[in-house]
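# Topology and contacts: notes
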Amino acid sequence: MSPIDPTPADPNTRDALLTVRGLHKRFGDNEVLRGIDLTLHRGEVVVLIGPSGSGKTTVLRALNGLETPDAGTIVVAGGPDIDFAPAQPESRRARAQKRLALRDRSAMVFQHHNLFPHLSVLENVIEGPWRVQGRPKAEVVAEARTLLARVGLEDKENARPHELSGGQQQRVGIVRALALRPDLLLFDEPTSALDPELVGEVLLVIKELADEGWSMVVVTHELSFAREAADRVLFMDAGAVVEEGPPAEIFAAPTHERTKRFLTRIL
Ligand code: ADP
């Protein structure tokens, strides 16, 4: 079990942790998100699949406050309804505050681990909870050590990122996200930059977190992971969710032609 208390799945209440409605985003002429709806219940694992350029990363970035949608609402339970196209025009500051409100609730694991190269593993992990969240250093260090041990990196706290394998670096990236004590974990193709032999160790850690009840949205091309770990798979194409359902249904009997074509290509 995690030393940090995740939000456990409660099959009786199945309350929504995350509600996304009508998310739109355009970069210049490129309409990247065309009205995304997404609900994530506590303890649920949703996997986003779809062709490159279909908008999956943009959805994650919007959830993490790294991208400002042009329209739509995002609600994380217990927080405000964040409406990206309010009736009244808003100041830049008000928009920035919305992004920050989202950033506090989730933590993202990136394709490239994005660790600070000049900091040790331990310093990388404590940076957010200690310097940004302002929690007591001793508490944060103790928690970081426990988390590093649970992903098998207890002897690496003084190493610099370049001294680690890609899989170890990505496990530090996951620990860094957990150390923020987020409600929601976001994974953006966490294994796609890894050598094939290192993919398994990272997927295993993510699978264990899923089994422990962490709520997560995962963008991945690893369909075997989606099959094993996802409660629901969403297939995205051209900025829209084309089809969604339990992995057994989506993979065995996709109903939409675009999903069928994608799965035939990738399997
Ligand atoms: P996916 O994750 O499914 O590959 P992305 O969300 O990364 O898709 O990208 C969707 C589309 O948005 C792509 O056409 C991409 O080029 C474009 N895009 C993403 N970020 C930016 C940006 N910051 N500026 C301009 N275009 C962008």
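A short tour of the structure in this document, coming up. (Residues numbered from 1 in each chain as written. Predicted model: local features only at pLDDT ≥ 70, side-chain atom pairs only at ≥ 80, totals over all residues. Heavy atoms only, no water.)

## A look at the side chain of Lys25
Let me state the cut-off plainly: The helix count covers DSSP runs of H or I at least four residues long, the strand count covers runs of E at least two residues long, and both are numbered beginning at the N terminus. Burial classes follow relative accessibility: with a 1.4 Å probe on protein chains only, a residue under 20% of its type's maximum area counts as buried, one over 50% as exposed, and anything between as partly exposed. Neither His nor the chain ends is counted toward charge; the positive residues are Lys and Arg and the negative residues Asp and Glu. One side-chain nitrogen of Lys or Arg within 4 Å of one carboxyl oxygen of Asp or Glu is enough to make a salt bridge. Contacts described as polar in this section are N or O atom pairs within 3.5 Å, which, within protein, must combine one atom able to donate a hydrogen with one able to accept it, while residues neighboring in sequence count only if both atoms come from side chains. Residues count as neighbours in contact if any of their non-hydrogen atoms are within 4.5 Å of one another.
Locating Lys25 in the fold gives a position in strand β1 (residues 16-27). Of the side chains with opposite charge, Asp70 lies nearest to the buried Lys25, which makes no salt bridge, at 4.3 Å. A distance of 2.8 Å separates a polar side-chain atom of Lys25 from the backbone oxygen of Thr68. Excluding anything up to four places from it in sequence, Lys25 contacts Asn30, Glu31, Val32, Leu33, Thr58, Glu67, Thr68, Pro69 and Asp70.

## Some points on the nonpolar core
For clarity, the cut-off: To define a nonpolar core, start from buried Ala, Val, Leu, Ile, Met, Phe, Trp, Tyr and Cys residues and group those joined through side-chain atoms within 4.5 Å.
The biggest cluster of nonpolar side chains holds 51 residues, and the ones touching the most others in it are Ile49, Ile174, Leu185, Phe187, Leu209 and Met216. Per-element tally for this core: the top contributor is helix α6 (residues 196-212), with eight residues. Not counting chain neighbours up to four residues away, the residues in contact with Met216 comprise Leu40, Glu44, Val45, Val46, Leu184, Leu185, Phe187, Ile206, Leu209 and Ala210. Core analysis: the second largest hydrophobic core is formed by 27 residues, Leu17, Leu23, Leu33 and Leu38 among them.

## What about unusual backbone geometry?
In this model, Glu189 sits at a positive phi of 45 degrees, which is unusual for a non-glycine residue. Tracing the backbone through its elements, the reader meets Glu189 in the loop between β7 (184-188) and α6.

## Section: the packing of helix α4 (residues 137-150) against helix α5 (residues 166-179)
Short version of the rule: Helix axes are fitted only over the stretch in contact, all axes being lines through C-alpha atoms; the angle between N-to-C directions runs from 0 to 180 degrees. Note that the term roughly parallel is reserved for angles under 35 degrees, roughly antiparallel for angles over 145, roughly perpendicular for angles of 65 to 115, and oblique for everything else. For any helix crossing, the convention is left-handed if the near helix is rotated counterclockwise from the far helix by under a right angle, and right-handed if that rotation is clockwise.
At a minimum axis separation of 10 Å, α4 and α5 run at an interaxial angle of 140 degrees. When the interaxial angle is binned, α4 and α5 end up oblique. For the pair α4 and α5, the crossing hand works out as right-handed. Together, Glu143, Ala144, Leu147 and Leu148 of α4 and Val175, Leu178 and Ala179 of α5 make up the contact between the two elements.

## Quick notes on the site of the ligand
Here is the rule: Any residue with a non-hydrogen atom lying within 4 Å of a molecule or strand is treated as near it. Per-residue and other accessible areas were derived by the Shrake-Rupley procedure at a 1.4 Å probe size, with only the shown protein chains allowed to occlude residues. When residue character is reported, Ala, Val, Leu, Ile, Met, Phe, Trp, Tyr, Cys and Pro are called nonpolar, Asp, Glu, Lys and Arg charged, and the others, Gly included, polar.
As a structural note, the neighbourhood of the ligand is formed by Phe27, Asn30, Val32, Pro51, Ser52, Gly53, Ser54, Gly55, Lys56, Thr57 and Thr58. Between the ligand and Gly53 there is a distance of 2.7 Å, counted from an oxygen atom to a backbone nitrogen or oxygen. Between the ligand and Thr57, the relevant distance is 2.8 Å, taken from an oxygen atom to a main-chain nitrogen or oxygen of the residue. Here the ligand has 560 Å² of accessible area as a free molecule, and 60% of this is covered by the chains. Looking at the shell around the ligand, the elements with two or more residues in it are β2 (30-41) and α1 (56-63). Ranked by the residues each element gives to the shell around the ligand, the list is headed by α1, at three residues. Within the shell around the ligand, the residues separate by chemical class into three nonpolar, seven polar and one charged.

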